[in-house]
Amino acid sequence: MFKNFEDLKNKLLNGKSKKIVVSNADLESIKAIKEAHENLGISYIFVGNKEEIKNICNEINLNVIDENIVHTNSKEESAKKSVEIVKNGLADILMKGKIDTSTLLKAVVDKENGINNGTIMSHLTVLENPVYHKLLFITDAGMNIYPNLEQKKYIIKNAIDYLKILGYKNIKIGVMAAIETVNPKMPETEDAQNLVDLFKKENVEGCIIEGPISLDIAISEKSAKTKGSKSEIAGDIDIMVMPNIACGNIMSKSLVYLGNTIMAGIILGAKAPIVLTSRGASSQEKLMSILLTMVYSN
């Protein structure tokens, strides 16, 4: 269990240095890279408008050499070039700069030139909230819009695999809904029950999965007792599996903008880890996301 990002950094950040390529680098992503370079030993390649990138680097006192900048004339070209750099083994991690997620991911999943490994890719959000007693993981809040049952299975497996890499032994997973019972008028509750049955049948080790489960029970043991819930994960959940991207996105950003929460985000399931945060994310959020991909890559 990790209480916060600093706890994760202190316990897990070891191994060889990594190189990251930033697609359409902007001020906040370059600020994050500067700190990652100085404090985490990461090296980098910036892709985008060369003049703009050099101006930003000068502004924040980052001494960048020309060889570390790849000039492009559009966001689409930045995405393709960044993915190509990773595919050719010239960088270990791909990072989203000021570019639409759809534009970057289109290059990632390109059948001929992309870095998709043939499985379902998914977004994992990691949240450090002052009220909750440990890091909270949410999936999928950034990639799969309306995942079906089969896709949700792989989304959950991606998250489980990642937490096992972090060292988690008894992962507590909740398939989220508004209620704790199955209601045919609420398809996400049926999916939740089917996913629980599926994982129990496959006997996946190292995790407990429940669903449908409501937010209050997942987060609050007191609420679970009040409701008479017999949940084994009440008040101690690790991973929240969301019904769709809207639920995951709204919840994550609500916690950030209304709940003093630090958020990081990565894409799992590709040939290389991908730092993927909102275009409006701070350099701190981007830095924490870099940390997550470095741990994964190591």
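This is a predicted model, so every value here is computed, not measured.

Caption draft 1: Focus on the pairing of strand E4 (residues 93–96). Residues Ile-93 and Met-95 point to one face of E4 and Leu-94 and Lys-96 to the other, with burial holding for every one of them. As paired elements, strand E1 (residues 19–23) and E4 share four bridges and run parallel to each other. Bridging across to E4, Ile-20 finds its partner in Ile-93. The sheet contact formed by E4 and strand E11 (residues 274–275) spans two bridges and is parallel. Each residue of the ladder has a partner; that of Leu-94, found in E11, is Ile-274.

Caption draft 2: Broad picture of the side chain of Ser-283. Topologically, Ser-283 is positioned in helix H11 (residues 283–297). With a relative accessible area of 18%, Ser-283 lands in the buried category. If we ignore the near neighbours within four places in the chain, the residues touching Ser-283 are Glu-28, Lys-31 and Ala-32.

Caption draft 3: Spatial organisation of helix H2 (residues 27–40). Over its 14 residues, H2 runs 19 Å from end to end, which matches the ideal 20 Å to within 8%, given 1.5 Å per residue. Looking at H2, one finds that the buried residues are Ser-29, Ile-30, Ala-32, Ile-33, Lys-34, Ala-36 and Leu-40.

What counts and what doesn't
Residues numbered from 1 in each chain as written. Predicted model: local features only at pLDDT ≥ 70, side-chain atom pairs only at ≥ 80, totals over all residues. Heavy atoms only, no water. Buried < 20%, exposed > 50% of the residue type's maximum accessible area, 1.4 Å probe, protein only. Helix = DSSP H or I, 4+ residues; strand = E, 2+ residues; numbered from the N terminus. Pairing = 2+ DSSP bridges. Contact = heavy atoms within 4.5 Å. Expected span 1.5 Å × (residues − 1).

Any link to function would need more than the numbers given here.
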